[in-house]
Amino acid sequence: MGALKPWHIAILVVVLILLFGAKRLPDAARSLGRSLRIIKAETKSLQDDDRDLAEKADAQAGYQPLPPQGAQQAYQAGPQQPQTAPYQAAPQQPVVDPVQRVRDN
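Residues numbered from 1 in each chain as written. Predicted model: local features only at pLDDT ≥ 70, side-chain atom pairs only at ≥ 80, totals over all residues. Heavy atoms only, no water.

**Here we look at the overall build of the protein**
Across its full length, the protein carries four helices and zero strands. Mapped from its N terminus to its C terminus, the protein presents α and β elements in the order α-α-α-α. Split by element, the accessible area of the protein, about 10800 Å² in all, is 60% carbon and sulfur. (Helix = DSSP H or I, 4+ residues; strand = E, 2+ residues; numbered from the N terminus. Areas by Shrake-Rupley, 256 points an atom, 1.4 Å probe, with all protein chains shown as cover.)

See the structure below:
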């Protein structure tokens, strides 16, 4: 039990010929071959896409963003003492209601 004997294959061929007819079997085999080729090509393209994504992810992992412009100048000048100047707020302008501004003009 288990292994296919030559007479099993012969019975299978006879049943297929009786079910589908001798004219339809080559067409069925041809369409099955085309379908298998399409499946093979699609799976290969999916694997290639996965490789491309992995390569892009590896390449992007090595990138480091550029520091801000001020940080580049500070880096080139070397370490400096932190500035201790007090924080000065910008002068505040009076808040004007836009409706009132239109009425005044």
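Now, onward.
**So, the pattern of salt bridges**
Tallied over the full model, the rule gives two salt bridges. Note that Arg30 and Asp27 form a salt bridge whose closest N and O atoms lie 2.8 Å from each other. Remark: Asp27 and Arg30 occur in helix H2 (residues 24-61); sequence separation between them is three residues, near one turn of the helix. We classify Arg30 as partly exposed; its relative accessible area is 43%. (Salt bridge = Lys/Arg side-chain N within 4 Å of Asp/Glu carboxyl O. Buried < 20%, exposed > 50% of the residue type's maximum accessible area, 1.4 Å probe, protein only.)

**What about a nonpolar patch on the surface?**
On the surface, Trp7, Ile11, Leu12, Val15, Leu16, Leu19 and Phe20 cluster together into a nonpolar patch covering about 710 Å² of accessible area. The residue Leu12 is located in helix H1 (residues 6-20) in this model. (Patch = residues over 30% accessible without salt bridge, like charges linked within 9 Å, V, L, I, M, F, W, Y side chains within 5 Å.)

**Things to note about a negative patch on the surface**
Together, Asp49, Asp50, Asp52 and Glu55 line one region of the surface with negative charge. A relative accessible area of 39% places Asp52 in the partly exposed class. (Lys, Arg positive; Asp, Glu negative; His and termini not counted. Charge placed at Lys NZ, Arg CZ, Asp CG, Glu CD.)

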